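Residue strings, one per chain:
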Amino acid sequence: MERETVQNNEVQAEEVSSNEEMPQVEQVKEENAVLETQPEPTKPVYDSEELQAIEDQRVKFLGEYRSGNRIKSIVFFVVMFLMVGTFLIIPNVGQGASWQLPVMITVAVVLLGCVLAFSFLTRKKMTEKMRNYFSVFYGNMNKYVFGSKNFEKVVFENPGKIEDHLFIDSNLYKDVLEVRSRGATTFEYEKKPILVCDCAGSVKTDKRVAPIFVGKYLVTGNKYEGKEPIYIYIKGDQRSLPPTNLEDVKVVKDDAKIAIYSNDSKWEKTLNTKVMKIVNSMKPNKELVDIAISIQPGTTYIALGYDDPLMVIPLDRPFNQEPVKGYKKDILKACQLAKELD
């Protein structure tokens with residue numbers, strides 16, 4: 001699975017979304033084949049009301065999306081019918097008449113104007129419905145993920161873009177071409193303010209634009225006063241996207257699971273036993289591909305690289321709660337690490 005699909009899985013691209021957002025919605029597939037009779041699929045059972053609400057909203061939005069597409073198709077064929085009829089009938093009725101061409105042009109302009117106005121209004125309406133779905137999706141996910149007493153003051157923003165420098169300032173990745181984000185959420189973990197969002201960074205290569213990070217991105221303050229940053233990379237499998245901006249940083253530890261980089265000779269003072277215990281507990285899994293951590297003076301950046309099951313907002317398939325349950329455990333460890341660095 002190529003993780004650049006995070007940039008391509010839009011709901012019919014421009015039809016339901018604007019270029020200001022980082023689209024992640026699965027594309028609805030055309031039902032153009034007669035299916036064999038099969039048993040009714042079992043509806044998934046969700047662990048909480050919050051997760052069930054996501055599935056309920058997905059079903060509602062999918063119905064609205066398909067209904068909108070059907071209406072657009074009907075309008076298109078009606079307009080085409082009227083257009084063809086006009087250009088076939090008028091030349092036969094008004095042969096050689098001076099009014100023939102002006103009437104044909106007028107009808108064509110009016111029909112085209114109607115189509116453009118209809119497209120604008122339906123796109124605007126569908127974009128609003130999509131944002132409502134996003135609000136329910138992220139809002140209820142946050143209620144589930146941040147539902148314990150350790151989390152407070154959870155605030156979700158929609159669409160929730162972050163400023164590019166929050167990604168670039170981690171210094172984990174070089175030559176960043178574009179930063180796309182959404183779903184920014186601020187919260188407090190044991191009174192410590194933290195920001196998390198869906199984020200995707202990309203670079204320009206010789207042949208194409210390629211991803212350098214796709215996942216959940218955390219930013220928070222720290223009390224690190226060292227002169228040189230400390231970087232931690234928890235390695236994953238073949239899907240991994242390792243940091244690309246650490247060539248000039250000394251490798252102070254490197255094994256099969258973790259690599260640590262720093263030009264600070266006292267890095268072990270910061271990465272003490274308590275910190276490393278948390279770091280060693282943060283392990284990639286089926287959805288969590290890899291983890292990159294940047295400890296800059298005053299700010300900690302934690303990049304949790306995730307695969308599509310968590311990052312792609314579902315549309316034509318039932319919402320899968322398992323990746324969200326894993327994310328809840330992962331972000332708790334990330335928050336514990338951020339807290340320990342104070």
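Quick caveat: nothing in here was measured; it's all calculated off a predicted structure. (Residues numbered from 1 in each chain as written. Predicted model: local features only at pLDDT ≥ 70, side-chain atom pairs only at ≥ 80, totals over all residues. Heavy atoms only, no water.)

Engineer: In this structure, what is going on with the overall build of the chain? I would like to understand it.
Structural biologist: Regarding its fold elements, the chain presents 7 helices and 9 strands. In the chain, 71% of the contacts between residues at least 6 apart in sequence involve partners at least 24 apart. Entry remark: accessible area of the chain is about 18800 Å², with carbon and sulfur atoms responsible for 55%. (Helix = DSSP H or I, 4+ residues; strand = E, 2+ residues; numbered from the N terminus. Contact = heavy atoms within 4.5 Å. Areas by Shrake-Rupley, 256 points an atom, 1.4 Å probe, with all protein chains shown as cover.)

Engineer: How do you make sense of the nonpolar core when you look at a structure like this?
Structural biologist: One recurring pattern in soluble globular proteins: nonpolar side chains tend to sit buried together. One finds F187, L218, I232, L271, Y327, I331 and L337 to be the most contacted residues of the largest nonpolar core, which totals 57 residues. Per element, the largest residue contribution to this core is 9 residues, and it comes from helix α2 (residues 100-145). Once you skip the residues sitting within four places of it in the chain, Y327 turns out to touch M141, V145, F146, V196, K216, Y306 and L310. A184, V219, V249 and A303 belong to the second largest nonpolar core, which has 23 residues in total. (Core = buried A, V, L, I, M, F, W, Y, C linked by side-chain atoms within 4.5 Å. Buried < 20%, exposed > 50% of the residue type's maximum accessible area, 1.4 Å probe, protein only.)

Engineer: Which parts of the structure should I look at to understand the packing of α2 against helix α7 (residues 322-340)?
Structural biologist: In helix packing, the relevant descriptors are the interaxial angle and the interaxial distance, both defined with respect to the helix axes. Contact geometry for α2 and α7: axes closest at 10 Å, N-to-C directions at 55°. One way to sum up the angle between α2 and α7 is to call them oblique. In the packing of α2 onto α7, the handedness of the crossing is right-handed. Together, M141, Y144 and V145 of α2 and V324, K325, Y327, K328 and I331 of α7 make up the contact between the two elements. When the residues that make up the contact of α2 with α7 are grouped by side-chain class, the tally is 6 nonpolar, no polar and 2 charged. (Axes fitted to C-alpha atoms, helices over the stretch in contact; angles between N-to-C directions. Parallel < 35°, antiparallel > 145°, perpendicular 65-115°, else oblique. Left-handed = near helix turned anticlockwise from the far one by under 90°. Nonpolar A, V, L, I, M, F, W, Y, C, P; charged D, E, K, R; others polar.)

Engineer: Would you mind showing me how to read the state of the cysteines here?
Structural biologist: Put plainly, two cysteines are in a disulfide when a covalent bond ties their sulfur atoms together. Under the counting rule described, the total for this entry stands at 0 disulfides. In this structure C197 is not part of a disulfide, and its nearest cysteine sulfur, from C199, lies 4.9 Å away. (Disulfide = S-S within 2.5 Å.)

Engineer: Quick question: what am I supposed to make of the packing of helix α5 (residues 273-281) against α7 here?
Structural biologist: Following both chains from N to C, one finds α5 and α7 inclined at 165°, their axes separated by 10 Å at the closest point. Comparing the axis directions of α5 and α7 gives the class roughly antiparallel. The interaxial crossing formed by α5 with α7 has left-handed handedness. Contacts between α5 and α7 involve K274, V275, I278, V279 and S281 from the former and K333, Q336, L337 and E340 from the latter. Here the residues of the contact of α5 with α7 are counted per class, giving 4 nonpolar, 2 polar and 3 charged.

Engineer: Whenever I open this one, the sheet that holds strand β5 (residues 230-234) confuses me. Can you help?
Structural biologist: In a beta sheet, neighbouring strands pair by backbone hydrogen bonds and run either parallel or antiparallel. Taken in spatial order, the 9 strands make up an open sheet running β1-β2-β3-β4-β9-β8-β5-β7-β6, and their pairing is antiparallel. At either margin of the open sheet sits one strand with a lone partner, and together these are β1 (151-156) and β6 (251-254). On average, each strand axis in the sheet is tilted by 20° relative to the strand beside it, whichever way the strands run. Relative to strand β2 (residues 178-189), β1 is paired through 4 bridges, and the arrangement is antiparallel. Paired with E152 across the two strands is E188, which belongs to β2. (Pairing = 2+ DSSP bridges.)

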